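Residue-level structure breakdown
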Amino acid sequence: MGSVFCRVVLLTGIWKTNAALADLSWVKLLQRSIRRNSRCGGEPMEKPDRAELEEGKDLEADGTDRLLLRGAEGGEEDPQPQTPRKTSSTRSSRKSFRLDYRLEEEVTRSCQDKHGRWTNPWPTWRFPSYSTVLRFLLLDKNHSNVPTSKEVLDSELPVLVPYFVQNPDLSDQVSDSTSDSGPGLRVTWLGHATVLVELDGLNILTDPIFSQRASMFQFLGPKRYRGPPCTVEQLPRIDAVLISHSHYDHLDAGSVASLNARFGAELRWFVPLGLMDWLVKAGCENVMELDWWKENCVPGHDDVTFVCTPSQHWSKRTALDDNKALWGSWSVLGPHHRFFFAGDTGYCSSFLEIGRRFGPFDLAAIPIGAYQPRDVMQGQHVDPEEAVQIHQDIRAKHSLAIHWGTFALAYEYYLEPPVRLREALEQKGLKPDCFFTLHHGESRFLPSQEISVECF
């Protein structure tokens, strides 16, 4: 019964917000964002005339976004003009990837239903029916077969001590796109969808979860069968955190609290629309909330652009907040390297849009697990074959497999995802190193000369 209960909780998300994360009053933060009304789906927009285009160019030439001042309870736009954020580099030094929707007709934009809930605008989106969910919970056989023996798990899925823990002197050093091996970037897999990427002077962390359970409670809910390879206290300096959506295995309250306690306002959080208030209530002061295709940067690093890009998923943390917060992937565009974080997603056509606009990417982190049974998971979780298709769509030179080997969230055999990944790569005629797996805590340095070889 315990496993059935966990499945019910995982699907319905009925846990309430952690009481320890009480509302923090008098918290204010400075946020830049532009919110525009958009139509659902990929309907073409009318071609603007020359006068409209010239007006649009003038608007885009103004490199300063509108500033919003919001506190724990939200707020209205500050009518007073704000002083632009000061950085170590000038605004003009940063390349803007901002979209003009009147010129780019085939970009899929975020949209909401009449109740204000975010929706997936693609025909590939399908949420399982109630009868399918009941069958999944009560009748389907779970083939994950995760061993209970630690010795077996240590042999099959070893957890390594990350390089920055073995060499504490390196923990305060930030990658500047060079190393003892020459220019490049480095990636470390910390389990599930948590990845540390060192790129062009920044240390970036994705969907951090260092807790033992993907749950509000640490005594109930999906439990890790492979522990985190390090603690938050052992991490090197983190400059930015990317959050893909609100599910407990991607937005973990304990990890957010620990990261905020250690780094405070120096750490910038990038989240999709609807999640900033949650972060603010958790005590985070430096939160950037973005819609799909909107961009921003880390103060002092204007040459690295963070763009919230589409993904096909859904969001929920409580009984009443279904799809109240947007979900997304992230494209990080630096002067020397580009990184794509898929987050949690089903397959959709927007990955081709991302690849056309921002590709090729030097590195991508793409999920390969939690995909069986397909009639339950297909709309929200890609399988390894679809993951390879995303790798090709976004034109990734290298990809790291994530979202497997940590939590038993679905019914495929726990070691099946990397096997099917290798088979899918072989079928596509791609080299295994183009889309690779890492042990928990393992790092891979990708020299620039190696990255220059395309694998898509």
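Considering the sheet that holds strand β8 (residues 240-242)
- One open sheet holds the 7 strands; their spatial order is β10-β9-β8-β7-β6-β5-β18, and the pairing between them is mixed. Looking at the sheet topology across the chains shown, the edges are occupied by β10 (287-290) and β18 (443-447). Looking at each pair of strands side by side, their axes are set apart by 20° on average, direction ignored.
- In this structure, β8 lies alongside strand β9 (residues 268-272), joined through 3 bridges in parallel fashion. Each bridged residue has a counterpart across the sheet, and for Leu 242 the counterpart in β9 is Phe 270.

Some details on the side chain of Arg 338
- Position of Arg 338 relative to the elements: it lies in strand β14 (residues 338-341).
- Here Arg 338 occupies a buried position and makes no salt bridge, while the nearest side chain of opposite charge, Asp 362, is found at 6.4 Å.
- The residues touching Arg 338, leaving out its near neighbours within four places in the chain, are Phe 97, Leu 199, Val 332, Leu 333, Phe 358, Pro 360, Phe 361, Asp 362 and Leu 363.

Regarding the nonpolar core
- Counting 70 residues, the largest nonpolar core has Leu 242, Phe 270, Phe 306, Phe 339, Ile 394 and Phe 435 as its most contacted members.
- With residues near it in sequence (within four places) discarded, Phe 435 still touches Ile 366, Ile 368, Ala 387, Val 388, His 391, Ser 399, Leu 400, Ala 401, Leu 421 and Leu 425.
- Formed by 29 residues, the second largest nonpolar core is a distinct cluster that contains Ile 238, Leu 275, Val 287 and Ala 325.

What about a nonpolar patch on the surface?
- Taken together, the side chains of Leu 134, Leu 138 and Leu 139 make up a nonpolar region of the molecular surface, amounting to roughly 360 Å² of accessible area.
- You can see Leu 138 is positioned in helix α3 (residues 130-138).
- Residue class for Leu 138 comes out exposed when judged on its relative accessible area of 59%.

Concerning helix α8 (residues 350-358)
- Those residues of α8 that fall on the buried side of the exposure criterion are Ser 350, Phe 351, Glu 353, Ile 354, Gly 355 and Phe 358.
- Contact partners of the buried residues in α8: β12 (301-309), β13 (329-333), β14 and α10 (384-393).

A closer look at the confidence of the model for the chain
- The pLDDT averaged across the chain works out to 81; a share of 74% of its residues lies at or above 70.
- Residue range residues 1-93 is modelled with pLDDT below 50. Its contacts to residues more than four positions away, or to other chains, number 171 contacts.
- Within the model, the stretch residues 177-181 combines pLDDT values under 50 with 10 contacts to residues more than four positions away or in other chains.

Description of the packing of aromatic side chains
- Applying the stated criterion across every chain yields a total of 16 aromatic pairs.
- Their ring planes at 80° and their centres at 5.1 Å tell us that Tyr 413 and Tyr 414 sit as a pair that is edge-to-face.
- The side chain of Arg 317 reaches across the aromatic face of Tyr 248, ending 4.1 Å from its centre.
- Above the face of the Phe 436 ring, Arg 444 is positioned so that its terminal group lies 4.1 Å from the ring centre.

Topic: the packing of α10 against helix α11 (residues 416-428)
- At a minimum axis separation of 8 Å, α10 and α11 run at an interaxial angle of 50°. As far as their axial angle goes, α11 and α10 are oblique. Between α10 and α11 the crossing geometry is right-handed. Only Pro 417, Arg 420, Leu 421, Ala 424, Leu 425 and Lys 428 of α11 make contact with α10, whose side of the interface consists of Pro 384, Glu 385, Val 388, Gln 389 and Gln 392.
- In terms of residue class, the contact of α10 with α11 is built from 6 nonpolar, 2 polar and 3 charged.

Here we look at the sheet that holds strand β11 (residues 295-298)
- With mixed pairing, the 7 strands of this open sheet are ordered in space as β11-β12-β13-β14-β15-β16-β17. Looking at which strands have only one partner, the edges of the open sheet turn out to be β11 and β17 (435-436).
- In the sheet, β11 pairs with β12 via 3 bridges, with the strands oriented antiparallel. Note on β12: the bridge partner recorded for Asn 296 is Phe 306.
- On top of the sheet, α8 reaches β12, β13 and β14; it is set at about 10° to β13, its chief contact.

Things to note about the side chain of Asn 120
- Mapping Asn 120 onto the fold places it in the loop between β4 (118-119) and α3.
- A distance of 3.1 Å separates a polar atom in the side chain of Asn 120 from a polar atom in the side chain of Trp 327.
- Here Asn 120 is in contact with Trp 125, Ser 311, Gln 312, His 313 and Trp 327, once residues within four sequence places are set aside.

Observations regarding the environment of Ala 365
- Mapped onto the fold, Ala 365 is located in strand β15 (residues 363-367).
- Residue classification places Ala 365 among the buried positions, given a relative accessible area of 0%.
- Sequence-wise, Ala 365 and Ala 396 are 31 residues apart; in three dimensions their C-alpha atoms are separated by 9.6 Å.
- Ignoring any residue separated from it by four or fewer positions in sequence, one finds Ala 365 in contact with Val 195, Phe 339, Phe 340, Phe 341, Ala 342, Leu 400 and Ile 402.

Re α3
- What α3 keeps buried is the set Thr 132, Val 133, Phe 136 and Leu 137. Across the axial projection of α3, the buried residues extend over an arc of 130°, all falling on one side. Turned more than 90 degrees off the buried face of α3, the exposed positions are Tyr 130, Ser 131 and Leu 138.

Let's talk about unusual backbone geometry
- Gly 359 connects to Pro 360 through a cis peptide bond whose omega is 0°.
- Note that Pro 360 resides in the loop between α8 and β15.
- A cis amide bond links Gln 372 with the next residue in sequence, Pro 373, at an omega value of -5°.
- Within the secondary structure layout, Pro 373 lies in the loop between β15 and α9 (374-377).
- Unlike most non-glycine residues, Trp 293 shows phi in positive territory, near 75°.
- With respect to the helices and strands, the residue Trp 293 is situated in the loop between β10 and β11.

Parameters at a glance
Residues numbered from 1 in each chain as written. Predicted model: local features only at pLDDT ≥ 70, side-chain atom pairs only at ≥ 80, totals over all residues. Heavy atoms only, no water. Pairing = 2+ DSSP bridges. Helix = DSSP H or I, 4+ residues; strand = E, 2+ residues; numbered from the N terminus. Axes fitted to C-alpha atoms, helices over the stretch in contact; angles between N-to-C directions. Buried < 20%, exposed > 50% of the residue type's maximum accessible area, 1.4 Å probe, protein only. Lys, Arg positive; Asp, Glu negative; His and termini not counted. Salt bridge = Lys/Arg side-chain N within 4 Å of Asp/Glu carboxyl O. Contact = heavy atoms within 4.5 Å. Core = buried A, V, L, I, M, F, W, Y, C linked by side-chain atoms within 4.5 Å. Patch = residues over 30% accessible without salt bridge, like charges linked within 9 Å, V, L, I, M, F, W, Y side chains within 5 Å. Areas by Shrake-Rupley, 256 points an atom, 1.4 Å probe, with all protein chains shown as cover. pLDDT = per-residue confidence, 0-100. Phe/Tyr/Trp six-rings, centres within 6.5 Å; stacked < 30°, edge-to-face > 60°. Lys NZ or Arg CZ within 6 Å of the ring centre and 35° of its normal. Parallel < 35°, antiparallel > 145°, perpendicular 65-115°, else oblique. Left-handed = near helix turned anticlockwise from the far one by under 90°. Nonpolar A, V, L, I, M, F, W, Y, C, P; charged D, E, K, R; others polar. Polar contact = N/O pair within 3.5 Å; in protein donor to acceptor, adjacent residues only side chain to side chain. Arc of directions from axis to C-beta.

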